[in-house]
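Chain by chain, the residues:
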2 protein chains.
Amino acid sequence: MARTNRERTETTRLALIEAARALFVGQGYGDTSTPEIATAAGVTRGALYHHFVDKRDLFRQVLQREGEAVAADIEAVTPDRLSPREALLEGSRAYLDAMMVPGRTRLLLIDGPAVLGTAELQALDDATSARTLRQGLEQAGAGRGEVALDALAPLLAAAFDRAALAIDAGADAAETRAAMAWLLERTLKGANPDE
Amino acid sequence: MARTNRERTETTRLALIEAARALFVGQGYGDTSTPEIATAAGVTRGALYHHFVDKRDLFRQVLQREGEAVAADIEAVTPDRLSPREALLEGSRAYLDAMMVPGRTRLLLIDGPAVLGTAELQALDDATSARTLRQGLEQAGAGRGEVALDALAPLLAAAFDRAALAIDAGADAAETRAAMAWLLERTLKGANPDE
DNA sequence: TAACTTACAGACAGGCTGTATGTAAATGGC
DNA sequence: GCCATTTACATACAGCCTGTCTGTAAGTTA
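An unreviewed UniProt entry annotates chain A as TetR family transcriptional regulator originating from Nocardioides marmoriginsengisoli.

Asks: Sorry if this is basic, but what is going on with the UniProt feature "DNA-binding region" (unreviewed entry) in chain A here?
Replies: Per the UniProt record, "DNA-binding region" (unreviewed entry) is found at residues 33-52 of chain A. Annotation note: span residues 33-52 of chain A, helix share 75%, strand share 0%, distance between end C-alpha atoms 14 Å.

Asks: What exactly am I supposed to notice about the protein's contact with DNA strand D here?
Replies: Around DNA strand D, the surrounding shell holds 22 residues, and the nearest of these are Thr9(A), Thr44(A), His51(A), Arg45(B) and Tyr49(B). The sugar-phosphate share of atoms of DNA strand D within 4 Å of the protein amounts to 72%. Contact distances for DNA strand D include 3.0 Å between a sugar or linking oxygen and a side-chain N or O atom of Arg8(A). In this structure, a phosphate oxygen belonging to DNA strand D sits 2.6 Å away from a side-chain N or O atom of His51(A). For the surface near DNA strand D, the elements supplying multiple residues, two or more each, are helix H1 (5-27) and helix H3 (45-51) of chain A together with helix H2 (34-41) and helix H3 (45-51) of chain B. Grouping the amino acids of the surface near DNA strand D by side-chain chemistry returns five nonpolar, 12 polar and five charged.

Asks: How should I be thinking about the side chain of Asp161(A) in this particular structure?
Replies: Mapping Asp161(A) onto the fold places it in helix H8 (residues 149-168). Buried and without a salt bridge, Asp161(A) has Arg162(B) as its closest oppositely charged side chain, separated by 4.2 Å. Here the side chain of Asp161(A) touches Tyr95(A) through a polar contact of 2.4 Å, side chain to side chain. The contact partners of Asp161(A), leaving out residues within four places of it in the chain, are Tyr95(A), Leu109(A) and Arg162(B).

Asks: Please clarify how the protein's contact with DNA strand C should be interpreted in this entry.
Replies: Surrounding DNA strand C, one finds 21 residues, the nearest of these being Arg45(A), Tyr49(A), Thr9(B), Thr44(B) and His51(B). Protein-proximal atoms of DNA strand C, defined as those within 4 Å of the protein, fall in sugar or phosphate at a share of 75%. Measuring from a phosphate oxygen of DNA strand C, one finds a side-chain N or O atom of Thr34(A) at 2.6 Å. At a separation of 3.2 Å, a phosphate oxygen of DNA strand C approaches a polar side-chain atom of His50(B). At the level of elements, helix H2 (34-41) and H3 of chain A together with helix H1 (5-27) and H3 of chain B are the ones that each hand at least two residues to the surface near DNA strand C. Among the residues forming the surface near DNA strand C, the class breakdown is four nonpolar, 12 polar and five charged.

Asks: Looking at this structure, I do not really get the environment of Ala38(A). What am I missing?
Replies: Residues and elements named next belong to chain A. Secondary-structure assignment places Ala 38 in helix H2. Along the backbone, Ala 38 and Ala 19 are 19 residues apart, and their C-alpha atoms lie at a distance of 7.9 Å. The residues touching Ala 38, leaving out its near neighbours within four places in the chain, are Leu 16, Val 43, Thr 44 and Arg 45.

Asks: I tried to follow the UniProt feature "domain: HTH tetR-type" (unreviewed entry) in chain A on my own but got confused; where do I start?
Replies: Sequence positions flagged by UniProt for "domain: HTH tetR-type" (unreviewed entry) are, in local numbering, residues 10-70 of chain A. Secondary structure content for residues 10-70 of chain A is 80% helix and 0% strand, while the C-alpha to C-alpha distance between its ends is 22 Å.

Asks: I tried to follow the nonpolar core on my own but got confused; where do I start?
Replies: A general feature of soluble globular proteins is that nonpolar side chains tend to end up buried together. Membership of the largest hydrophobic core comes to 108 residues, with the highest contact counts inside it found for Leu137(A), Leu156(A), Leu183(A), Leu137(B), Leu156(B) and Leu183(B). With residues near it in sequence (within four places) discarded, Leu183(A) still touches Leu156(A), Ala159(A), Leu152(B), Leu155(B), Leu156(B), Leu183(B) and Thr187(B).

Asks: What am I meant to see in the packing of aromatic side chains here?
Replies: The description of an aromatic ring pair rests on the distance of the ring centres and on the angle between the ring planes. Here the structure, examined in full by the defined rule, presents eight aromatic pairs over all chains. On the numbers, 5.0 Å between centres and 65 degrees between planes, the contact of Tyr29(A) with Phe59(A) is edge-to-face. Taken as a pair, Tyr29(A) in the loop between H1 and H2 and Phe59(A) in helix H4 (residues 55-76) lie far apart in primary sequence, 30 residues in all. When its relative accessible area of 15% is taken as the criterion, Tyr29(A) is described as buried. What makes Phe59(A) buried here is its relative accessible area of 0%. For the ring pair Phe24(B) and Phe59(B), a centre distance of 5.3 Å and an interplane angle of 75 degrees mean the geometry is edge-to-face. You can see Phe24(B) sitting in helix H1 and its partner Phe59(B) sitting in helix H4 (residues 55-76), a full 35 residues away along the chain.

Asks: When you look at the pattern of salt bridges in this model, what are you seeing that I'm missing?
Replies: Opposite charge on two side chains makes pairing possible when the charged atoms of those side chains draw close. All names here are of chain A. Summed over all chains, the structure comprises 20 salt bridges over all chains. Arg 60 is the salt-bridge partner of Glu 120, the closest N and O atoms lying 2.4 Å from each other. Note that Glu 120 is positioned in helix H6 (residues 104-126) and Arg 60 in helix H4, a separation of 60 residues in sequence. Linking Asp 150 and Arg 134 is a salt bridge whose minimum nitrogen-to-oxygen distance equals 2.1 Å. Of the two residues, Asp 150 is situated in helix H8 and Arg 134 in helix H7 (residues 129-140); the sequence distance between them amounts to 16 residues. Looking at Asp 150, the relative accessible area reads 54%, which means it is exposed. One salt-bridge network, in which partners are shared between bridges, spans Arg 21, Glu 66 and Arg 104.

Asks: Whenever I open this one, the domain arrangement of chain A confuses me. Can you help?
Replies: Accessible area lost when the parts come together is the quantity often used to give the size of an interface. Residues and elements named next belong to chain A. Along its sequence, chain A is organised into domain 1 (1-52) and domain 2 (55-188). Inter-centroid distance (C-alpha atoms) of domain 1 to domain 2 is 29 Å. Listed as interface residues are 19 residues of domain 1 and, on the opposing side, 16 residues of domain 2. Taking both sides of the interface into account, the surface hidden between domain 1 and domain 2 amounts to around 1,500 Å²; carbon and sulfur atoms contribute 66%. Here domain 1 and domain 2 share one salt bridge between them. Taking the shortest distance from any N to any O, the salt bridge between Glu 66 and Arg 21 comes out at 2.4 Å. Our enumeration of links across domain 1 and domain 2 arrives at eight residue pairs in polar contact (both at pLDDT 80 or more). Contributing elements (two or more residues each) for the side of domain 1 that touches domain 2: H1, H2 and H3. It is H1 that contributes the most residues to the side of domain 1 that touches domain 2, 10 residues altogether. Looking at side-chain class alone, the side of domain 1 that touches domain 2 contains 11 nonpolar, six polar and two charged residues.

Cut-off values and rules
Residues numbered from 1 in each chain as written. Chains lettered and ligands numbered in written order. Predicted model: local features only at pLDDT ≥ 70, side-chain atom pairs only at ≥ 80, totals over all residues. Heavy atoms only, no water. UniProt positions renumbered as here; feature names shortened; annotations may be inferred. Helix = DSSP H or I, 4+ residues; strand = E, 2+ residues; numbered from the N terminus. Near = heavy atom within 4 Å. Polar contact = N/O pair within 3.5 Å; in protein donor to acceptor, adjacent residues only side chain to side chain. Nonpolar A, V, L, I, M, F, W, Y, C, P; charged D, E, K, R; others polar. Buried < 20%, exposed > 50% of the residue type's maximum accessible area, 1.4 Å probe, protein only. Lys, Arg positive; Asp, Glu negative; His and termini not counted. Salt bridge = Lys/Arg side-chain N within 4 Å of Asp/Glu carboxyl O. Contact = heavy atoms within 4.5 Å. Core = buried A, V, L, I, M, F, W, Y, C linked by side-chain atoms within 4.5 Å. Phe/Tyr/Trp six-rings, centres within 6.5 Å; stacked < 30°, edge-to-face > 60°. Domains from an automatic or database assignment. Buried area = accessible area lost by both parts, 1.4 Å probe.

Given below as structure tokens:
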């Protein structure tokens, strides 16, 4: 079983990231130990600390993957040919769908900000879903001339996050989605889609 | 200096809670140790574990106080004689003001959910600011007949939280407050204040 | 005033994090 | 194709932290 170094690295890193993800989701970051993670991944702590700076770094990489997956799901349903309004609606639905993958709300919305800090999480968000929302709102002409989009967009993003959290916590999914759609519609009301 | 037991207890508990608050705010829950807290409070860990079940319990009590303070500030500016709409506007402003007390956003919005879990934090919120918002929206007739208020209210609450967080993080306070007010206004548009 | 309870201090037992050291396998130059 | 070097790990270690247990002085109650 001769394996190239790159293969070994890739295998080990992936095993650690997936094992860590499962444990972080199940017990939270604070209650998950590196011995646990290493054991679950089938390696020793030596391997973990060889590939990751520390426990937080491993957590960061788990979140990176998660954020990218969400962003990919959104982009998949919002091709350029859609009108801004349609793209916004479709993207919104895709976001909530994507956040239903088990553990995502906890990782990205609960433990993430606490462990990495709001600044770093914000940066991760901006690189993925938050920016597409801001762009969508801008192109749809939301709040034009009445309110600063840079201030409004994060508020709506927070509402989306909370919607995902609520559904995850057992709230009526249909009602929650409807409420979010209603809020978005109210935001867009009176905005003309193109200049 | 003969002190009654009740006095001693009260003094020690308060010292621990205030010392813990300062450290939790400054370094976060995870990076704050009980030896640090005890030293800062001028007692030993023995006292801490005598008065609190564990570190989380101490954190919970810190948050309890914090939540009550926010709720008190809101109630102070929303006497019953105000119209539902006025009360909602005043309460909103008071909420954002209250959240500007240093450390509150971190305690209540970042570390709180991660350490105590969303369920417990939700309960604390419901007992304080979240319920007044829900009542305010209901009395103002928000979304009447179009959307479930139980689903809508949390989304707006989340937007408020995010507004506080953004301002705390250095965003333009006036713009952010204006955006929040705009969102609230849009939500209320078309709702007649009384049946 | 004597029995009992409360408020704490100090010691102790695991467990965890990050680092340092050692080793086998892979890689790269000659 | 061989040797020097780097990479990928495993193991051992030091320091800190959490929660518990034990002991003691002060306050409370009968």
